[in-house]
Amino acid sequence: MANALWIALANAEHGGVAMSGHGIRATTISAGAMAFDTDVAGDGAPLALFLHGFPETKFSWRHQLPFFAQRGFTAWAPNLRGYGDTTAPRSWKDYHLDCLLDDVAALIDEAHAQGHGPVTLVAHDWGGFIAWFFAMRRVRPLAQLIVMNLPHPRRIVESLRTWAQLRRFSYLFFFQVPWISEWLMTRDDGGAVARAILGTVRDRARFPPEVIDHYRRHAIGKGRMRAMLSYYRALFWDASLRREAVAAPPVIVPTLMLWGEEDDFLGMELTRDTDQLVHELTIRYFPGVSHWLQQEAPDLVNAAMGEWLDARG
């Protein structure tokens, strides 16, 4: 019942601010030229900014927002561009990584204008890709970086030389086919989205029907799947990003990498030698946990983040 109530509130129209029983409130944050459909918790000075993955939404951070709020942060989990009620440009070129980095910078600038800072960036999957480049390019100062199940981009580029990882990335080629990929991903009320999650988790009890239904309903919304796949299309055709990933300077932000060892999309070997690419790195592995780490093992993830934050003072 609590989950169903939270989903209903999370999907509400944002004419005002909706409250949930989890201490999370839904609102719209205007930043730059974008309006971000955002879940917010807490009212502390430091900001924790959460970037979700595909085919997730801000809802994927439902276990982490209250945790950071309890630790004195203001926590923002926006739906990224094209997701939910966030502004959704129509052209796939508007989902280029440069645009996504501009969005994060605009959100941080807005947070500073509201008196929040310093910034801890927390990210998973596609959000992790954005976060790595944000730190590599040093777009805005960050106090801390937490990335879940998305390796350093250099390791991703290097993995393209192996058949094992290329097979795992086969869906990327499918996503390049316009119209057909959108149709197949959304037919049967988003059945492919449900299968992509349920077919790769290890603890299905963490993904009851109401959670999966949230992601299905989101995926079949008008124009949403086109926007979601535009991330992959804009990335696929930009060879300069691959060159940048290899040549980028070391990340100077203190970084925590959290990794579910049973990731069907990204091999655990991609985390090796990351300490050569990050000045101050901590890695925590979670045996028996899938790619959907923060939703499948929220208590373990929160405990690991809390331990790391405490150690950093």
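This write-up is about the structure you can find in this document. Everything numeric in this text was worked out from a predicted model, so none of it was measured. (Residues numbered from 1 in each chain as written. Predicted model: local features only at pLDDT ≥ 70, side-chain atom pairs only at ≥ 80, totals over all residues. Heavy atoms only, no water.)

Another aspect to go through is the overall build of the chain. Within the chain, the regular secondary structure consists of 13 helices and nine strands. For 313 residues, the compact-globule estimate of 2.2 N^0.38 gives 20 Å, and the C-alpha radius of gyration of the chain, at 18 Å, lies within 12% of that figure. Oriented by its inertia axes, the alpha-carbon framework of the chain measures out at about 50 × 50 × 40 Å. A burial count over the chain gives 56% of its 313 residues as buried. Contacts in the chain between residues far apart in sequence, at least 24 positions, make up 75% of those at least 6 positions apart. Side chains of the chain give 31 positive and 34 negative charges; the mean places of these two sets differ by 5 Å. (Helix = DSSP H or I, 4+ residues; strand = E, 2+ residues; numbered from the N terminus. Rg over C-alpha atoms; globule rule 2.2 N^0.38 Å. Buried < 20%, exposed > 50% of the residue type's maximum accessible area, 1.4 Å probe, protein only. Contact = heavy atoms within 4.5 Å. Lys, Arg positive; Asp, Glu negative; His and termini not counted. Charge placed at Lys NZ, Arg CZ, Asp CG, Glu CD.)

Turning our attention to the pairing of strand β6 (residues 119–124). Counting buried positions along β6 yields six of six residues, so the element is predominantly enclosed. Here β6 shows two buried faces, one formed by Val119, Leu121 and Ala123 and the other by Thr120, Val122 and His124. Note that strand β4 (residues 47–51) and β6 share five bridges and pair parallel. Looking at the pairing, phenylalanine 50 lines up with valine 122 of β6. (Pairing = 2+ DSSP bridges.)

A few words now on the pattern of salt bridges. Across all of its chains, the model carries 15 salt bridges by this definition. One salt bridge connects lysine 58 with aspartate 37, and the closest N-O pair in it is separated by 2.8 Å. Taken together, the residues lysine 58 in the loop between β4 and α2 (65–70) and aspartate 37 in strand β3 (residues 34–41) connect sequence positions 21 residues apart. The exposure classification of lysine 58 matches that of aspartate 37, with both residues buried. The salt bridge involving aspartate 109 is made with arginine 140; its shortest N-O contact spans 2.8 Å. In this pair, aspartate 109 is assigned in helix α3 (residues 97–113) and arginine 140 in the loop between α4 (126–137) and β7 (144–148), connecting sequence segments 31 residues apart. Accessibility expressed as a relative area gives 36% for aspartate 109, which makes it partly exposed. (Salt bridge = Lys/Arg side-chain N within 4 Å of Asp/Glu carboxyl O.)

The next point concerns the environment of alanine 234. Here alanine 234 shows up in helix α10 (residues 224–236). With residues up to four places along the chain from it excluded, the contact list for alanine 234 reads Trp92, Tyr95 and His96.

This brings us to the environment of isoleucine 180. By the secondary structure assignment, isoleucine 180 is in helix α8 (residues 180–198). With 64 residues separating them along the chain, isoleucine 180 and glutamate 244 place their C-alpha atoms 31 Å apart.

One way to put it is that α3 packs onto α4 with a least axis distance of 10 Å and a crossing angle of 75°. Considered as vectors, α3 and α4 are oriented roughly perpendicular to each other. In this structure, α3 uses Leu97, Asp98, Leu100, Leu101, Val104, Ala105 and Ile108 to contact α4, whose residues at the interface are Trp126, Phe129, Ile130, Phe133, Phe134 and Arg137. Of the residues in the contact of α3 with α4, the class split is 11 nonpolar, no polar and two charged. (Axes fitted to C-alpha atoms, helices over the stretch in contact; angles between N-to-C directions. Parallel < 35°, antiparallel > 145°, perpendicular 65-115°, else oblique. Nonpolar A, V, L, I, M, F, W, Y, C, P; charged D, E, K, R; others polar.)

Another aspect to go through is unusual backbone geometry. Here the bond from phenylalanine 54 into proline 55 is cis, since omega is -5°, no more than 30 degrees from zero. Secondary-structure assignment places proline 55 in the loop between β4 and α2. With an omega dihedral of 0°, the bond running from glycine 117 to proline 118 counts as a cis peptide bond. By the secondary structure assignment, proline 118 is in the loop between α3 and β6. With phi around 55°, aspartate 125 is a residue other than glycine that occupies positive phi space. Along the chain, the position of aspartate 125 falls in the loop between β6 and α4. The backbone of arginine 138 sits at a positive phi, close to 55°, despite the residue not being glycine. Inspection of the secondary structure assignment puts arginine 138 in the loop between α4 and β7. What makes arginine 138 partly exposed here is its relative accessible area of 44%.

This structure, assessed with the given rule, holds 14 aromatic pairs. Taking the centre distance of 5.5 Å and the plane angle of 45° together, the rings of tyrosine 95 and tyrosine 231 count as tilted. With tyrosine 95 in the loop between β5 (74–78) and α3 and tyrosine 231 in helix α10, this residue pair connects regions lying 136 residues apart in the sequence. Judged by relative accessible area, tyrosine 231 falls into the buried class, the value being 1%. On the numbers, 5.3 Å between centres and 75° between planes, the contact of tryptophan 126 with tyrosine 231 is edge-to-face. You can see tryptophan 126 sitting in helix α4 and its partner tyrosine 231 sitting in helix α10, a full 105 residues away along the chain. (Phe/Tyr/Trp six-rings, centres within 6.5 Å; stacked < 30°, edge-to-face > 60°.)

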